[in-house]
Amino acid sequence: MVLEVAELSRYTRLMDADALFADVVDKYTNHINPYLAKLMQFAGFGVEMRGEGCYVYDQDGKAYLDCLGGYGCFSLGHRHPKVVEAVKHQLDHMGLSGKAFFNKQGADLAAKIAEITPEGLEYVFFCNSGAEAVEGALKFAKKATGRTKLVSTDNSFHGKTLGALSVMGREKYRKPFEPLLPGVSFVPFGDSDAARKAITDETAAFIVEPIQGEGGIIVPPVGYLYDLRQACDKHGALLIADEVQTLLGRTGKWFGCNHDGVSPDLMTLAKALGGGIMPIGALVGTKTVWEKIYADSPLSHTSTFGGNPLACAAGLATIQVIEEEGLVERSRKMGLLMQAGLKQAADKHSDLIKEVRGRGLLIGVEFQMDEVGELVVAQMLKRGVCVAYTLNNPRILRFEPPLIITPSEIEIACLAFEESVAETAEILAMLV
Ligand SMILES: Cc1ncc(COP(=O)(O)O)c(C=O)c1O
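Residues numbered from 1 in each chain as written. Predicted model: local features only at pLDDT ≥ 70, side-chain atom pairs only at ≥ 80, totals over all residues. Heavy atoms only, no water.

Asks: Mind showing me how you'd approach the pairing of strand S5 (residues 149-153) here?
Replies: With four of its five residues buried, S5 lies for the most part within the structure. Where S5 meets strand S7 (residues 203-208), three bridges bridge the pair, whose relative direction is parallel. Opposite Leu-150, over in S7, you have Ala-205 as the bridge partner. By the bridge criterion, four bridges tie S5 to strand S6 (residues 184-187) in an arrangement that is parallel. Each residue of the ladder has a partner; that of Ser-152, found in S6, is Phe-186. (Buried < 20%, exposed > 50% of the residue type's maximum accessible area, 1.4 Å probe, protein only. Helix = DSSP H or I, 4+ residues; strand = E, 2+ residues; numbered from the N terminus. Pairing = 2+ DSSP bridges.)

In structure tokens form, the structure reads like this:
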């Protein structure tokens, strides 16, 4: 198939779709990551040419319903017009920050974040990614408490820079880079008693995802965050909520910790905050913590690109769209619909599927075996629905679609899932 001239012009007018695909895979193989290129090819991923609303279009012009959502970046779908407009407008005035001047977009976004986050979180440090926000949280916790010990949870995912990696609960990713930060211990996720035992008068902070995302969409028991809050308060330790993936309505409430009515001392944000247009990360914290970090050294923690006007304009527009379009409540309702649809399909294949779980539009399907997830991803892609498994657990297929997804699109996704599992079952039966 020959590409439209407008799309082709981004590459070369002479290349057809197959040649373009071959060229990109070749460059990935030779200049980015040959092993990842092989995996992506195996699953059947093409080249992303255009994104619009809930859909991504590949080099053949084929549309894919995006139920992966850029690992949580595309809560507003692709290229939401209001975010695009805000960023274009900002680009006409100032792109990156000069840093020495005050920056209105950063000021407005910080105030807005303080307004929507749980009580007591009033200050914002802007950065560019989730891992950077986690790095900041660990530094702030150490300086604010004067302590060095950190507690995290098994199976957690907090990013892959050295500090963030130190508190990641997956040995496979940590081991090759040890020694990492000293003084980190891990407890089972969702186990309040284990957390109470691990948090002591020497603990700087307990870091936790309100729902483990990359660990396999694991929802803790009700009251878990509340128990953590109490244990931290008892020992003067800080509670860090890593909301990089659970923010801005993804779980059916503004933030994951709203489900337990808990205010952490520090909260990390990224992914969806940029509206699927700009990269942005943020560390949100209390006045008490900020005083300890910045009172004696206003430049104690900084970032050149952090808080740039383009990213902040995108962040402001994103929160505005979520408010105007009622996307937090929509996520809750659509999440129930999607979980019900997936459960219906899962019931027909209980030999392959163990559980469907999640909150809002952060949904995981757990298979009985690792290999099934990979096969189902490929089958769903064939049917025009994009999904992937979670990074820490290939046995869990994640559904993390834009919060603007419609009931009929949910129906399409669930049907594709059901057909894909059925075909996978047939393939597996032939192999036995
Ligand atoms: C909970 C959580 N924290 C941190 C990160 C790291 O974010 P980034 O990839 O933007 O560095 C992720 C990424 O998936 C995440 O899910």
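Asks: What should I look at first to understand the sheet that holds strand S15 (residues 393-399) in this one?
Replies: Hydrogen bonds along the backbone pair up the strands of a sheet, which may run parallel or antiparallel. Strand order in this open sheet of four strands is S11-S12-S15-S14, and the pairing throughout is antiparallel. Of all strands in the sheet, those bounded by a partner on one side alone are strand S11 (353-359) and strand S14 (388-390). Neighbour-to-neighbour, the strand axes of the sheet open up by a mean angle of 35 degrees, direction not taken into account. Sheet topology places S14 next to S15; three bridges connect them, and they run antiparallel. Residue pairing across strands places Ala-388 opposite Arg-398, the latter belonging to S15. Contacting S11, strand S12 (362-367) and S15, helix H14 (residues 327-347) crosses the sheet at an angle of about 180 degrees to S11. Along the sheet face, helix H15 (residues 370-382) touches S12, S14 and S15 and points at about 35 degrees away from the line of S15. (Axes fitted to C-alpha atoms, helices over the stretch in contact; angles between N-to-C directions. Contact = heavy atoms within 4.5 Å.)

Asks: Just to check I follow, could you spell out helix H12 (residues 287-294) for this structure?
Replies: Since there are 3.6 residues in each turn of an α-helix, residues three or four apart along the chain are aligned in direction. Within the sequence span of H12, burial applies to Val-289, Trp-290, Ile-293 and Tyr-294. Seen along its axis, H12 keeps its buried residues to an arc of 105 degrees; they face one direction. (Arc of directions from axis to C-beta.)

Asks: Any chance you could explain the environment of Glu-209 here in plain terms?
Replies: Along the chain, the position of Glu-209 falls in the loop between S7 and helix H11 (224-235). By relative accessible area, Glu-209 is classed as buried at 5%. Here the alpha-carbon distance between Glu-209 and Ser-156, two residues 53 residues apart in the chain, equals 7.3 Å. Setting aside its immediate chain neighbours within four residues, Glu-209 contacts Ser-156, Phe-157, His-158, Phe-189, Glu-214 and Asp-242. Of the polar contacts made by the side chain of Glu-209, one reaches the backbone nitrogen of Phe-157; its length is 3.0 Å. (Polar contact = N/O pair within 3.5 Å; in protein donor to acceptor, adjacent residues only side chain to side chain.)

Asks: Hey, could you run me through the packing of aromatic side chains in this one?
Replies: If you walk through the whole model with that rule in mind, you get seven aromatic pairs. Here the aromatic rings of Phe-125 and Phe-140 are separated by 6.5 Å at their centres, their planes lie at 55 degrees, and the arrangement is tilted. Note that Phe-125 is positioned in strand S4 (residues 123-127) and Phe-140 in helix H7 (residues 130-145), a separation of 15 residues in sequence. Here Phe-140 and Tyr-294 contribute two aromatic rings whose centre-to-centre distance is 5.8 Å and whose plane-to-plane angle is 85 degrees, an arrangement assigned as edge-to-face. Residue Phe-140 is found in helix H7, and its partner Tyr-294 is found in helix H12; the two are separated by 154 residues along the sequence. The exposure classification of Phe-140 matches that of Tyr-294, with both residues buried. Chaining the aromatic ring pairs together yields one cluster made of Tyr-123, Phe-125, Phe-140, Trp-290 and Tyr-294. For Lys-160, the ring lying beneath its charged end belongs to Tyr-173, and the centroid distance is 4.3 Å. (Phe/Tyr/Trp six-rings, centres within 6.5 Å; stacked < 30°, edge-to-face > 60°. Lys NZ or Arg CZ within 6 Å of the ring centre and 35° of its normal.)

Asks: Please clarify how the site of the ligand should be interpreted in this entry.
Replies: If you check the shell around the ligand, you find Ser-129, Gly-130, Ala-131, Phe-157, His-158, Gly-159, Glu-209, Glu-214, Asp-242, Val-244, Gln-245 and Lys-271 and nothing else. Within the side chain of Asp-242, a nitrogen or oxygen atom sits 2.7 Å from a nitrogen atom of the ligand. A distance of 2.9 Å separates an oxygen atom of the ligand from a polar side-chain atom of Gln-245. The fraction of the free accessible surface of the ligand (390 Å²) that becomes covered by protein chains is 82%. (Near = heavy atom within 4 Å. Areas by Shrake-Rupley, 256 points an atom, 1.4 Å probe, with all protein chains shown as cover.)

Asks: Honestly, the domain arrangement of the chain in this entry has me stumped. Any pointers?
Replies: Interfaces are frequently sized by the accessible area removed from exposure as the parts join. Domain parsing of the chain yields domain 1 (48-79 + 326-431) and domain 2 (81-324). Computed from C-alpha coordinates alone, the two centres of domain 1 and domain 2 are separated by 27 Å. Contact with domain 1, which involves 31 residues of that partner, is made by 39 residues of domain 2. Of the roughly 2800 Å² buried between domain 1 and domain 2, counting both surfaces, carbon and sulfur atoms make up 56%. On inspection of domain 1 and its partner domain 2, the count reaches one salt bridge. The partner of Glu-214 in a salt bridge is Arg-398, and the shortest N-O contact between them spans 2.6 Å. Taken together, the connections running from domain 1 to domain 2 amount to 21 residue pairs in polar contact (both at pLDDT 80 or more). Elements supplying a minimum of two residues to the side of domain 1 that touches domain 2: helix H4 (69-72), H14, S11, S12 and S15. (Domains from an automatic or database assignment. Buried area = accessible area lost by both parts, 1.4 Å probe. Salt bridge = Lys/Arg side-chain N within 4 Å of Asp/Glu carboxyl O.)

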